[in-house]
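Each chain, written out:
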Amino acid sequence: MKTTPVACPLDCPDACGVLVDADDAGRFVALRGNPEHGYSRGHLCGKTAIYGDLIRAENRLLTPLVRRGDKRTGELVPASWDEALARIAERVGPLKEHGERILVAFYAGTMGRIQRFFPLRMFHALGATLTDGGLCDSSTSAGYECVLGNVVGADLERAEESDAVVLWGCDMARTVQHLQPAVQRLAKRGVPVVAIDIYASDTIRALERWGGRGLIVKPGSDAALALAITRVAFERGWADRAFLERECLGAEVFEAHVRAGHDLAWASAQTGVAESEIVALAELLARSPKLLLKTGVGFGRRRNGAMSMRAICSLAAVLGKVDHLHYESYSCFELADDVVQMPQLQRAGRECRSFKHVQLGRELESGKFGAIFVWAHNPAVVCPEAARVRAGMQREDLFVVVHEQFLTESAQLADVVLPSTMFVEHSDVYRSYGHRRLQLARKASEPPPGPRSVLETFCAIAKALELPRETWDADAERLCEELVHASLARKDGEQRAELLAGKPIKVTPRRRPGEGTPSGKVELYSAAAAALGQPPMASYVPDDGAGTRGEFWLVSAPSVHTHNSTFSHSARHVRRIGQQRVKLNPGDAARLGLPEGALATLSNQHGRVSFPVELCADMPPGLVRIDGLPRAEDTPEGLGVNALVAGEVSDLGDSNTLYSTRVDVCARRG
């Protein structure tokens, strides 16, 4: 038996340490948490703990598939790798001199730096059209960077040293599970813990059991709350004047801006939070020297998402507590990603273009593209305007190549499907975006015959297309080591040795407040934001629903049972999820004549999907909630919930506006 330390590859901030057991023949046996991982400390969530179900799944893809016949009536049938690669070369080869007609759609099906980004070598050489990656959290990142610069944040491994914790738009119980034990212990010791959200989340209900409390705000009003607290801080002498003078740009004009409005009565009306509660929260934030202010991305998935983050970052700066704020931590690592991607392979005059990922459906409908390559991504389900994405992928003039582990909704629409390895079956480098641990995960077990890693697959495609040697002559083990050496050139030899041995090392970031902004200071006044048509200072801009129409806000909440669409092909996970339901406030349901279990249709101008009703007192009136990412087959319409989401972009970062979706609700007819 051989045991190998690896890292969980899922798009989750916890990036847990995993130990994988393989038998003497290299076959996967089991996995468990790695107790030597300084953040996850041997504990895995209920999703990753049974990842072995996916590795052994009977419905796992083990051979390439090619389509016989047209998109609508033809079938995907088994083929050899040679046949599949020949089909790709035949259809994509003629596009080599028109690389902009090749579309690239990938995302975070794996968070490994090699498997996720290596194919870009090939697409740089082709001059293809690339995704901008703005599908998840780029609005919150843009808002943070606008004010504070590099995204580093507080060290979550020291959370238990805090004398107060505020969780803002962060359903910790479902999205940052390894922070929860420390917060639980703090709350039970009497340390103040507050969670701010738009409904009584699992985190709020847990905190109330432990002695903490929840604060429910109106959807999209987070900036109003932050600016009101900032005004209270200025008025009551809680602002850190020394920090403002030393580290901040635009402090005086920002103070005048905040004092000119944002009073308690206004804020209470905008947020639904009592004036006394706003003052109490302001005092807690100001008078806690060891505060942990942990934000999530919930409020960022809105039309005004970046502005909400700008307001919270500006509040932290006024209090002199930017080092107490944690959103993400990806700037800690300073990885030499060009080693993997090789942007220098772009030919003169063939610079890669990019498109807004949230508008993939519109791009596909345009007819501009002759081919699309998809890996680590299920766009037919996870992208906004999902019905348009599906229709675009079914165009007869678009050649679709999908690299996948299962026959996902996107793979079903492909012309060629290539089977992929699982994370235990290839080597990669993983960095967290929630803590400061970096890990090189060596291949821990052998894949079954058939599947190939992303790197192996795109090396084979690049060679078939007769592209430069650098696009196809690569080895994952060597490339991992090359990335480590290039990224950690400044680190001591002992730490590099530990990383190369598979140990999760903790990176110490080089950081000072404001590093990474245009001025090098904390920018309470941002000329860069103004140049993009945004207010130069954090302001309250009401959520306009991204153009969607309807009586209710739609909340697409994280699931406790699954992870995006990753586990939708695991029988055990599907059983855990059970029948997908829409959660309604009992008063709203009664008014609409929708009893428990009735089939309700959610609709707006983009589409309609139907789910059975679950009465839920935790949902405020005017909100409806879907947990997780329902499969197309879970609805009578054969569409997922993203069919209702507009392909409009956020205020900064060109990110999704998932939580800005408005819908009408009625009993399903027919």
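Provided above is the structure to which this section pertains.
Residues numbered from 1 in each chain as written. Predicted model: local features only at pLDDT ≥ 70, side-chain atom pairs only at ≥ 80, totals over all residues. Heavy atoms only, no water.

Participant: Any chance you could break down the overall build of the chain for me, citing the residues and the numbers?
Facilitator: In terms of regular secondary structure, the chain is built from 24 helices and 27 strands. For 670 residues, the compact-globule estimate of 2.2 N^0.38 gives 26 Å, and the C-alpha radius of gyration of the chain, at 25 Å, lies within 12% of that figure. With the C-alpha coordinates of the chain rotated into their principal frame, the extents come out at 70 × 70 × 55 Å. Relative to its 670 residues, the chain shows a buried fraction of 63%. Accessible surface computed for the chain: about 24,100 Å², of which carbon and sulfur atoms make up 48%. (Helix = DSSP H or I, 4+ residues; strand = E, 2+ residues; numbered from the N terminus. Rg over C-alpha atoms; globule rule 2.2 N^0.38 Å. Buried < 20%, exposed > 50% of the residue type's maximum accessible area, 1.4 Å probe, protein only. Areas by Shrake-Rupley, 256 points an atom, 1.4 Å probe, with all protein chains shown as cover.)

Participant: Before we move on, could you go through the environment of Pro-612 and cite the residues and values that matter?
Facilitator: The topology assignment puts Pro-612 in strand E25 (residues 607-615). For the pair Pro-612 and Gln-580, spaced 32 residues apart in the sequence, the C-alpha separation amounts to 7.4 Å. Ignoring any residue separated from it by four or fewer positions in sequence, one finds Pro-612 in contact with Gln-579, Gln-580, Arg-581, Val-582, Gly-597, Ala-598 and Leu-599. (Contact = heavy atoms within 4.5 Å.)

Participant: Tell me about the pattern of salt bridges, residues and numbers included.
Facilitator: Counted under the stated rule, the structure contains 43 salt bridges. Arg-388 serves as the salt-bridge partner of Glu-385, at 3.4 Å between the closest nitrogen and oxygen. Overall, Arg-388 belongs to the partly exposed group, its relative accessible area being 29%. The salt bridge involving Lys-443 is made with Glu-446; its shortest N-O contact spans 3.1 Å. Judged by its relative accessible area of 42%, Glu-446 is partly exposed. (Salt bridge = Lys/Arg side-chain N within 4 Å of Asp/Glu carboxyl O.)

Participant: Can you tell me about unusual backbone geometry, naming the residues and giving the values?
Facilitator: Notably, Glu-334 is not glycine yet its phi reads approximately 50°, a positive angle. By secondary structure assignment, the location of Glu-334 is in the loop between strand E13 (325-326) and helix H15 (338-341). A positive phi angle is found at Glu-385, which is not glycine, with a value near 50°. Within the element layout of this structure, Glu-385 appears in the loop between helix H17 (379-382) and helix H18 (386-393).

Participant: Run through the sheet that holds strand E1 (residues 2-7), naming residues and quoting values.
Facilitator: Spatially, the three strands line up as an open sheet ordered E1-E2-E3, and their pairing is antiparallel. Strands with a single pairing partner mark the edges of an open sheet, and in this sheet they are E1 and strand E3 (28-33). Taking each pair of neighbouring strands and ignoring which way they run, the sheet shows an average axis angle of 25°. (Pairing = 2+ DSSP bridges. Axes fitted to C-alpha atoms, helices over the stretch in contact; angles between N-to-C directions.)

Participant: Got a sec to walk through the environment of Pro-451? Specific residues and values, please.
Facilitator: Assignment of secondary structure puts Pro-451 in the loop between strand E19 (437-441) and helix H19 (454-464). Look at Pro-451 and you get buried, because its relative accessible area is 7%.

Participant: Provide a residue-level description of the layout of surface pockets, including the pertinent values.
Facilitator: Considering only enclosed or pocket space, the second largest pocket measures out at about 400 Å³ in volume. Ala-154, Asp-155, Arg-158, Asp-323 and His-324 are, among the 16 residues lining the second largest pocket, the residues nearest its centre. Looking at the lining of the second largest pocket residue by residue, the class counts come to six nonpolar, three polar and seven charged. (1 Å grid on protein atoms, 1.4 Å probe; cavity = no way out; pocket = protein on both sides within 12 Å on 5 of 7 lines; lining within 4 Å. Points joined across faces, edges and corners; volume = space filled by probe spheres on them. Nonpolar A, V, L, I, M, F, W, Y, C, P; charged D, E, K, R; others polar.)

Participant: Which residues make up the nonpolar core, and what are the values?
Facilitator: Membership of the largest hydrophobic core comes to 97 residues, with the highest contact counts inside it found for Val-166, Trp-168, Ile-196, Ile-229, Phe-254, Leu-285 and Ile-372. The leading source of residues in this core is helix H9 (residues 222-235), at ten residues. Sequence-distant contacts of Phe-254, that is, excluding residues within four places in its chain, are made with Leu-227, Thr-230, Phe-234, Ser-314, Val-318, Leu-524, Met-537 and Ala-538. Membership of the second largest hydrophobic core comes to 56 residues, among which are Val-92, Ala-128, Val-340 and Val-401. (Core = buried A, V, L, I, M, F, W, Y, C linked by side-chain atoms within 4.5 Å.)

Participant: Provide a residue-level description of the side chain of Gln-405, including the pertinent values.
Facilitator: Take Gln-405: it is sitting in the loop between strand E16 (399-404) and strand E17 (416-419). In terms of polar contacts, Gln-405 uses its side chain to reach the backbone carbonyl oxygen of Thr-421, at 3.1 Å. In contact with Gln-405, not counting residues within four places along its chain, are Tyr-51, Arg-60, Leu-61, Ser-420, Thr-421 and Met-422. (Polar contact = N/O pair within 3.5 Å; in protein donor to acceptor, adjacent residues only side chain to side chain.)

Participant: Describe the pairing of E25, listing the residues and the values that go with them.
Facilitator: Note that strand E23 (residues 582-584) and E25 share three bridges and pair parallel. Considered in E25, the bridge of Lys-583 is made with Glu-614. The sheet contact formed by strand E24 (residues 599-604) and E25 spans six bridges and is antiparallel. Each bridged residue has a counterpart across the sheet, and for Leu-599 the counterpart in E25 is Pro-612. Between E24 and E25, which pair antiparallel in sequence order, lie two residues.

Participant: Before we move on, could you go through the packing of H9 against helix H13 (residues 275-286) and cite the residues and values that matter?
Facilitator: Direction vectors running N to C along H9 and H13 enclose 70°, while the axes themselves pass 9 Å from each other. Classified by the interaxial angle, the pair formed by H9 and H13 is roughly perpendicular. The handedness of the crossing between H9 and H13 comes out as right-handed. For the pair formed by H9 and H13, the contact residues are Leu-225, Ala-228, Ile-229 and Val-232 on the first element and Ile-278, Leu-281, Ala-282 and Leu-285 on the second. (Parallel < 35°, antiparallel > 145°, perpendicular 65-115°, else oblique. Left-handed = near helix turned anticlockwise from the far one by under 90°.)

Participant: A description of the packing of aromatic side chains should follow, citing residues and the corresponding values.
Facilitator: As enumerated under the stated definition, the model contains ten aromatic pairs in all. Between Phe-106 and Trp-375, the ring centres sit 4.7 Å apart and the planes meet at 0°, which makes this aromatic pair stacked. Placement of the pair is Phe-106 in strand E6 (residues 102-106) and Trp-375 in strand E15 (residues 371-375), with a sequence separation of 269 residues. Owing to a relative accessible area of 0%, Trp-375 belongs among the buried residues under this scheme. One Lys or Arg, Arg-302, reaches over the ring of Trp-553 and ends 5.0 Å from the middle of that ring. Here the basic side chain of Arg-662 rests over the ring of Trp-553, its NZ or CZ set 4.3 Å away from the ring centre. (Phe/Tyr/Trp six-rings, centres within 6.5 Å; stacked < 30°, edge-to-face > 60°. Lys NZ or Arg CZ within 6 Å of the ring centre and 35° of its normal.)

Participant: Kindly report on helix H11 (residues 251-259), identifying the contributing residues and their values.
Facilitator: Turning to H11, its buried residues number three or more, namely Ala-251, Phe-254, Glu-255 and Val-258. Looking down the long axis of H11, one finds its buried residues gathered within 100° of arc, a one-sided arrangement. If you follow the buried residues of H11, they end up packed against H9, helix H10 (241-247), strand E11 (248-249) and helix H14 (305-318). (Arc of directions from axis to C-beta.)

Participant: I'd like a description of the side chain of Thr-517, backed by residues and values.
Facilitator: Mapped onto the secondary structure, Thr-517 falls in the loop between strand E20 (505-506) and strand E21 (522-523). Here Gly-514 takes part through its backbone oxygen, which lies 2.9 Å from a polar atom of the side chain of Thr-517. Sequence-distant contacts of Thr-517, defined by excluding residues within four places in its chain, comprise Glu-145, Cys-146, Val-147, Leu-148, Gly-149 and Glu-523.

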